[in-house]
Amino acid sequence: MKRLLVPAVLCAALAAHPAHALTVFDPTNFSQNILTAARTLEMINNQIRQLQNEAQMLTHDAMNLTGLDFNAISRLRTSLSSTTSLMNQARGLTFDVSRAEAEFARLYPAQYDATISNDAMAQDARERWSQSLDALRTTANVQSQAVQNLGDDEGVLSDLVQQSQSAVGALQATQATNQLLALQAKQSIQHQQLQIAQDRAMALDRAQEAAEDARAQEVRRRFSRDRANYTPQPVQFYQ
């Protein structure tokens, strides 16, 4: 009877004071959670780096697409138009092909016709001299204007080099380079204009010499003809 009382007392005591639940630690599940968190963090860091790279690319693209707030083309056109105006205002033999050919054939003949009067040949000689003088004047004016334009070109070149060196992107650098090429082309055109004016003056000078030779030949021919028809007459100095 006494043996049965002891377990009963123990059961009553345990029932009066219930036991607390024990926490179970699962190392496998803990490791998987850590790996998942690490992978998630790495993925977030990759996305952040990708966004940073894209933002940097957009910044570079914006810089490359930024236009150059400088344009020297109008200055180059103004400088070039000054020499072009001198060429257009050139007096004397025209630069028009058809008109120049007709005037040249009239004023600079390879041989004078026998029907041309001496006065007409003299008039042609005076006009040829005037043509040569006008050509030399045009050459001198174009040379003077070209020298003046060199100072303007030096300023344009300095500004373009500065713009090119301070370019923030590819577009600005390309635009500055294009304007530098435009400056080079303008100087080449101006050099051609000057060369044309000089060559024109030299050509007219040589043509004048050839025309004067033709005129001299015709004068000698006429003199020889008139002398052959001349009949000497006796002259009495004293009566």
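On a predicted model such as this, the values are computed, not experimentally measured, just so you know.

J.: Go over the packing of aromatic side chains, please, and point to the residues and values.
T.: Across all of its chains, the model carries one aromatic pair by this definition. Aromatic side chains Phe104 and Tyr108 sit 4.7 Å apart centroid to centroid with 25 degrees between the ring planes, which places their arrangement in the stacked category. On the basis of relative accessibility, which here comes to 34%, the residue Phe104 falls in the partly exposed class. Look at Tyr108 and you get buried, because its relative accessible area is 7%.

J.: Break down the packing of helix α3 (residues 73–88) against helix α5 (residues 118–165) for me, citing the residues and quoting the values.
T.: Packing of α3 against α5 leaves a shortest axis separation of 9 Å and a crossing angle of 175 degrees. Of the possible angle classes, the one that applies to α3 and α5 is roughly antiparallel. In this structure, α3 uses Arg75, Leu76, Ser79, Ser82, Thr83, Leu86 and Met87 to contact α5, whose residues at the interface are Thr138, Asn141, Val142, Gln145, Ala146, Asn149, Asp152, Asp153, Gly155, Val156 and Asp159. Counted by class, the contact of α3 with α5 contains six nonpolar, eight polar and four charged residues.

J.: With reference to specific residues and values, describe the nonpolar core.
T.: Judged by nonpolar contacts, Leu68, Phe70, Ala72, Leu76, Val156, Leu160, Ala176 and Leu183 together constitute the single largest core of eight residues. Listed by contribution, the elements that provide at least two residues to this core are α5 and α6 (170–228). Ignoring sequence-local partners within four residues, the contact set of Leu68 consists of Gln163, Gln172, Gln175, Ala176 and Gln179. Ranked by size, the runner-up nonpolar core spans seven residues in total, among them Tyr108, Ala135, Ala201 and Leu204.

J.: Please set out the environment of Asp134 residue by residue, giving values where relevant.
T.: As for its placement among the helices and strands, Asp134 is situated in helix α5. Look at Asp134 and you get buried, because its relative accessible area is 12%. Linking Asp134 and Ala201, residues 67 residues apart in sequence, is a C-alpha distance of 8.4 Å.

J.: Account for the side chain of Gln172, with residues named and values stated.
T.: With respect to the secondary-structure elements, Gln172 resides in helix α6. Gln172 gets classed as buried once you look at its relative accessible area, which sits at 10%. Other than its neighbours up to four places away in sequence, Gln172 contacts Thr66, Gly67, Leu68, Ser166 and Ala167.

J.: So, the confidence of the model for the protein chain: which residues are in play, and what are the values?
T.: Taken residue by residue, the protein chain gives an average pLDDT of 79. The fraction at 70 or more is 78%. Here helix α1 (residues 2–16) is the element of the protein chain with the lowest mean pLDDT, 51, and α5 is the one with the highest, 87.

J.: Describe the environment of Leu133, and please don't skip the residues or the numbers.
T.: Position of Leu133 among the secondary structure elements: in helix α5. A sequence separation of 68 residues divides Leu133 from Ala201, and the C-alpha atoms of the two residues are 8.3 Å apart.

What counts and what doesn't
- Sequence order sets the numbering: in each chain, residues are counted from 1 along the sequence as written.
- Thresholds applied to this predicted model are a pLDDT of at least 70 for local features of residues and 80 or more for the giving and counting of side-chain atom pairs; totals over whole chains, interfaces and linings are not thresholded and use all residues.
- Working from all heavy atoms in the structure, the side-chain values ignore hydrogens and water.
- Only Phe, Tyr and Trp rings take part, Trp by its six-membered ring, and two of them pair if their centres are within 6.5 Å. Stacked means planes under 30 degrees apart, edge-to-face means over 60, and tilted covers everything else.
- With a 1.4 Å probe rolled over the protein chains alone, any residue whose accessible area is under 20% of its type maximum counts as buried; one over 50% counts as exposed, and the rest are partly exposed.
- Inter-axis angles, ranging from 0 to 180 degrees, are taken between N-to-C directions of lines fitted to C-alpha atoms, where helices are fitted over the stretch in contact.
- Numbering of helices and strands runs from the N terminus; a helix is a DSSP stretch of H or I covering at least four residues, while a strand is a stretch of E covering at least two.
- Just so you know how the angles are binned, under 35 degrees is roughly parallel, over 145 roughly antiparallel, 65 to 115 roughly perpendicular, and the rest oblique.
- Whether two residues are in contact is decided by their heavy atoms, any of which lying within 4.5 Å being enough.
- Residues are grouped as follows: nonpolar covers Ala, Val, Leu, Ile, Met, Phe, Trp, Tyr, Cys and Pro; charged covers Asp, Glu, Lys and Arg; every other residue, Gly included, is treated as polar.
- By nonpolar core is meant a set of buried Ala, Val, Leu, Ile, Met, Phe, Trp, Tyr and Cys residues that side-chain atoms within 4.5 Å join together.
- On a scale of 0 to 100, pLDDT captures the predictor's confidence in every residue.

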